[in-house]
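Listed here are the chains, written in short residue letters.
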Amino acid sequence: GGMGFIFDPSAKPAALKELGNLMLQTKRDMEYSLPFAMDPVVFDYRVNDHGTVAKLVNDDVDDGASVTQATRNSEESSTLGPDLDELLQEQEFDKEAQEQIRSDLRNGTIGLAKNRLSLESKLEDVTADDVIV
């Protein structure tokens, strides 16, 4: 799951930080009532105006031109921004936690069907302050 937000460019840096803080605080406020697989994460995605690009290369050309062109295209695409590994490291992405979540989802340990209280649960002493809207 996830959400997307678009911010005014002049407010974006502060808004991204505030959004991350707000989501983390909400998780902490609710984590004893609702299951959370991980802390929320805010990513700053950029639009790739070039999209996915491919070039048809003639297999009959045997002079290394296709390898040179592929290398040049790869170098040009790297100027679009940092690669995925750099972005994940910058955002402190936890690959082990992600793989554990993926494994838990696949084996049914967690998931939408599990994201609920059992029918036998009893909620007592609930006050208006316990409800977040």
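Residues numbered from 1 in each chain as written. Predicted model: local features only at pLDDT ≥ 70, side-chain atom pairs only at ≥ 80, totals over all residues. Heavy atoms only, no water.

(A) Fine view of the overall build of the chain. When its secondary structure is counted, the chain shows four helices and zero strands. For the chain, the sequential pattern of α-helices and β-strands runs α-α-α-α. Look at the contacts in the chain between residues 6 or more apart in sequence, and 32% of them connect residues 24 or more apart. Of the accessible surface of the chain, which amounts to about 12,100 Å², a share of 53% is contributed by carbon and sulfur atoms. (Helix = DSSP H or I, 4+ residues; strand = E, 2+ residues; numbered from the N terminus. Contact = heavy atoms within 4.5 Å. Areas by Shrake-Rupley, 256 points an atom, 1.4 Å probe, with all protein chains shown as cover.)

(B) Local environment of the pattern of salt bridges. Tallying each qualifying case throughout the model produces four salt bridges. Here Glu31 ties to Lys27 by a salt bridge, and the two come within 3.0 Å at their closest N and O atoms. The exposure class assigned to Lys27 is buried, which follows from its relative accessible area of 10%. A salt bridge links Lys95 to Asp85, with the nearest nitrogen and oxygen atoms 3.9 Å apart. Residue Lys95 is found in helix α4 (residues 95-106), and its partner Asp85 is found in helix α3 (residues 84-90); the two are separated by 10 residues along the sequence. Look at Lys95 and you get exposed, because its relative accessible area is 52%. Linked through salt bridges whose partners overlap, the residues forming this network are Lys27, Glu31 and Asp39. (Salt bridge = Lys/Arg side-chain N within 4 Å of Asp/Glu carboxyl O. Buried < 20%, exposed > 50% of the residue type's maximum accessible area, 1.4 Å probe, protein only.)

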